[in-house]
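Structural features, examined
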Amino acid sequence: MNFALNTPVETTLGEQLLLLSLDDESGTEKEAMNVSYAIAAASLVELALAGRVEVHDDQVTVRDAAPLGDPTLDGALADISGEERRKPRKTKEWIEHLRKGAVAGTTKSLVGKGLLREEKKKVLGLFPVRRYPEADGSAESALRQRLDEIVMRGAAPDERTASLVALLHGAKLHGLLYSKPRLATARTNMEKVAHGRWAGPAVRQAVKAAEDALTAIVVMTVVTTTVL
């Protein structure tokens, strides 16, 4: 299975999302909650791209339970395969379920690939925290360049890059790529890319289901936070 997106180091969609969300120097997370849901959704999209799962009527089912060789994706596939015998779940339910271990597994993988480094610190000299600054910026730099070519310059997207754009758009993470005054234009362009015909029906259906689920989760999170 090829996870390459014209980057020196091969990365999954979830890893790409995490790279985009971390401050390069401090390793602190931006939009942490939305990113965690997007990374979970990325696992479903990866499995769909690999032909392992499919989505019909918003229910995720397994087509092929063979492992892919990636611990995070194989764990997600095993969870879906086991649960499917009892009761198929909808896309949103799987995103919420997979979120629990998605960020930790993705972070560990990026450290293992040498793209992030782990730093252990204490806040106020008491509370231990871990940060993940950039160790090798080549992958993120190439990724941002490719995304900019597609989003702002109108280059034709490949299947994987368009899937990433759809995940970013669904989770309202446009700000990880652009700031004002380009943000509004980028948001419009990303929506066009996300809803384009860049893949076969099965993949488009899975990506659309993930995008819609992310949007619903983000809206609900905002409403809940505002009320509280």
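Provided above is the structure to which this section pertains.
Bear in mind the structure is a predicted one, so any value in this text is a computation, not a measurement.

Definitions and cut-offs
Residues numbered from 1 in each chain as written. Predicted model: local features only at pLDDT ≥ 70, side-chain atom pairs only at ≥ 80, totals over all residues. Heavy atoms only, no water. Core = buried A, V, L, I, M, F, W, Y, C linked by side-chain atoms within 4.5 Å. Buried < 20%, exposed > 50% of the residue type's maximum accessible area, 1.4 Å probe, protein only. Contact = heavy atoms within 4.5 Å. Helix = DSSP H or I, 4+ residues; strand = E, 2+ residues; numbered from the N terminus. Patch = residues over 30% accessible without salt bridge, like charges linked within 9 Å, V, L, I, M, F, W, Y side chains within 5 Å. Areas by Shrake-Rupley, 256 points an atom, 1.4 Å probe, with all protein chains shown as cover. Salt bridge = Lys/Arg side-chain N within 4 Å of Asp/Glu carboxyl O. Axes fitted to C-alpha atoms, helices over the stretch in contact; angles between N-to-C directions. Parallel < 35°, antiparallel > 145°, perpendicular 65-115°, else oblique. Left-handed = near helix turned anticlockwise from the far one by under 90°. Phe/Tyr/Trp six-rings, centres within 6.5 Å; stacked < 30°, edge-to-face > 60°. Lys NZ or Arg CZ within 6 Å of the ring centre and 35° of its normal.

The biggest cluster of nonpolar side chains holds 67 residues, and the ones touching the most others in it are L17, L47, I95, L167, L168 and L214. Leaving out residues up to four positions away in the same chain, I95 has contacts with Y37, A40, A41, L44, A210, A213, L214 and I217.

Moving on to the environment of K121. Assignment of secondary structure puts K121 in strand 3 (residues 119–123). Through-space distance from the C-alpha of K121 to that of R131 is 7.7 Å; in sequence the pair is ten residues apart.

This part takes up a nonpolar patch on the surface. Together, V123, L124, L126 and F127 make up an exposed nonpolar region whose accessible area comes to about 450 Å². Residue F127 is classed as partly exposed on the basis of its relative accessible area, which comes to 49%.

Looking at the element boundaries, V55 is found in strand 1 (residues 53–56). The spacing of V55 and A206 is 151 residues in sequence and 5.3 Å in space, taken between C-alpha atoms. Here V55 is in contact with V60, T91, Q205, A206 and A209, once residues within four sequence places are set aside.

Where helix 2 (residues 32–49) contacts helix 6 (residues 159–170), the two axes come as close as 10 Å, and the packing angle between them is 150°. Between helix 2 and helix 6, the interaxial angle falls into the category roughly antiparallel. Crossing angle aside, the handedness with which helix 2 passes helix 6 is right-handed. Residues A38, A41, A42, V45, E46 and L49 of helix 2 form the contact with helix 6, whose own contacting residues are E159, R160, S163 and L167.

Attention shifts here to the packing of aromatic side chains. One pass over the structure, following the stated rule, counts zero aromatic pairs. The residue whose ring lies beneath R89 is W94, and the NZ or CZ to ring-centre distance is 4.8 Å. Note that R99 overlies the ring of Y37, its terminal NZ or CZ placed 4.2 Å from the centroid.

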